[in-house]
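Chain by chain, the residues:
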Amino acid sequence: MPTFASALDDQIRNEFSASQQYIAVAVYYDSQSLPQLAAHFYRQAVEERNHAMMMVQYLLDADHGVGTPGIDPPKTDFADVVAPVALALEQEKRVTEQIVELVKLSREEGELVGEQFLHWFLQEQREEVASMTELLTVVERGKNDLLSVEEHLSRAAGGANPLEAGAPPAAGGAL
Ligand SMILES: [Fe+2]
Ligand SMILES: [Fe+2]
């Protein structure tokens, strides 16, 4: 398998690991009786799962082998209600770096079709880092008044992400 394709295959593992981490965060908030924060991260988990399946579809279309990798174990205990969002923001920044490295590799290898595929992920990462940064501000400000955080999220929920319209196809269909 060419280097770019195998690096993209590795990224499938990172996206599924991100998805599982978001499930762990959602379960933590659910256990703290914070349903809006939980719902937010259950949705994020599905988005990350879809990212992985878009990469699977790309590798299928490009006629490369696709691994179905295992995932890294998620962190499941948190010091306080702010910690999971701080962890999520770190994760989004790390994934941005991973996608940037993949773009660089695609350029080095003249894989322009692969590079074009990744452009959507660059936009998506910009949006996700921005929205997670905002959520961290909201949770830090409201850590002693968590109902205000829940209310903020219930008002913010339901807005369609315009990026979804231009998303690459996901293997088996996006959830
Ligand atoms: Fe992702
Ligand atoms: Fe993400």
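Rules used throughout
- Residues numbered from 1 in each chain as written.
- Chains lettered and ligands numbered in written order.
- Predicted model: local features only at pLDDT ≥ 70, side-chain atom pairs only at ≥ 80, totals over all residues.
- Heavy atoms only, no water.
- Donors = N, O, S within 2.8 Å, 3.2 Å for Na, K, Ca; no water.
- Tetrahedral: all angles 85-135°; square planar, octahedral: opposite > 155°, others 65-115°.
- Helix = DSSP H or I, 4+ residues; strand = E, 2+ residues; numbered from the N terminus.
- Buried < 20%, exposed > 50% of the residue type's maximum accessible area, 1.4 Å probe, protein only.
- Axes fitted to C-alpha atoms, helices over the stretch in contact; angles between N-to-C directions.
- Parallel < 35°, antiparallel > 145°, perpendicular 65-115°, else oblique.
- Nonpolar A, V, L, I, M, F, W, Y, C, P; charged D, E, K, R; others polar.
- Core = buried A, V, L, I, M, F, W, Y, C linked by side-chain atoms within 4.5 Å.
- Contact = heavy atoms within 4.5 Å.
- Phe/Tyr/Trp six-rings, centres within 6.5 Å; stacked < 30°, edge-to-face > 60°.
- Patch = residues over 30% accessible without salt bridge, like charges linked within 9 Å, V, L, I, M, F, W, Y side chains within 5 Å.
- Areas by Shrake-Rupley, 256 points an atom, 1.4 Å probe, with all protein chains shown as cover.
- Salt bridge = Lys/Arg side-chain N within 4 Å of Asp/Glu carboxyl O.

Considerations on the coordination of the iron ion (ligand 2)
At the metal site, the iron ion (ligand 2) is ligated by Glu 48 (OE), Glu 92 (OE), Glu 92 (OE) and Glu 128 (OE), and these contacts range over 1.7 to 2.4 Å. Note that the iron ion (ligand 2) binds four donor atoms; their angles at the metal cover 55 to 143 degrees, and the shape is irregular. The sequence motif formed by the donor residues of the iron ion (ligand 2) is E-x43-E-x35-E. The two metals, the iron ion (ligand 2) and the iron ion (ligand 1), are separated by 3.5 Å and share Glu 48 as a common coordinating residue. One end of the pair, Glu 92, is in helix α3 (residues 83-108); the other, Glu 128, is in helix α4 (residues 112-141), with 36 residues separating them in the sequence. Across this residue pair, the class does not change: Glu 92 and Glu 128 are buried.

So, the coordination of the iron ion (ligand 1)
Around the iron ion (ligand 1), the protein contributes the donor atoms Glu 15 (OE), Glu 48 (OE) and His 51 (ND1), at 2.1 Å from the metal centre. As a motif over one chain, the donors of the iron ion (ligand 1) read E-x32-E-x2-H. By relative accessible area, Glu 48 is classed as buried at 1%.

A few points about the packing of helix α1 (residues 3-31) against α3
Contact pair α1 / α3: the axes reach a minimum separation of 11 Å and the direction vectors enclose 170 degrees. The angle between α1 and α3 places the two elements in the roughly antiparallel class. By residue class, the composition of the contact of α1 with α3 is 16 nonpolar, seven polar and two charged.

Re the nonpolar core
Judged by nonpolar contacts, the single largest core of 24 residues is most densely connected at Tyr 29, Leu 37, Phe 41, Val 85, Met 132, Leu 135 and Val 139. The greatest single-element share of this core, amounting to six residues, is contributed by α4. Dropping the residues within four chain positions of it, Val 139 is found in contact with Leu 37, Val 81, Val 82, Val 85 and Val 149. Counting 22 residues, the second largest nonpolar core, distinct from the first, contains Phe 4, Val 103, Phe 117 and Leu 163.

Observations concerning the packing of aromatic side chains
As enumerated under the stated definition, the model contains eight aromatic pairs in all. Aromatic rings pair up to connect Phe 4, Tyr 58, Phe 117, Trp 120 and Phe 121 into one cluster.

As for a nonpolar patch on the surface
A grouping of Ile 23, Val 27 and Tyr 42 is seen on the molecular surface, where their side chains present a nonpolar patch of about 230 Å² in accessible area. Residue position: Tyr 42 is located in helix α2 (residues 35-61).

Focus on the environment of Arg 155
Looking at where Arg 155 falls in the secondary structure, it is placed in helix α5 (residues 146-156). Exposure remark for Arg 155: the relative accessible area of 63% places this residue in the exposed category. When the C-alpha positions of Arg 155 and Gln 36 are compared, they lie 10.0 Å apart, and in sequence the two are 119 residues distant.

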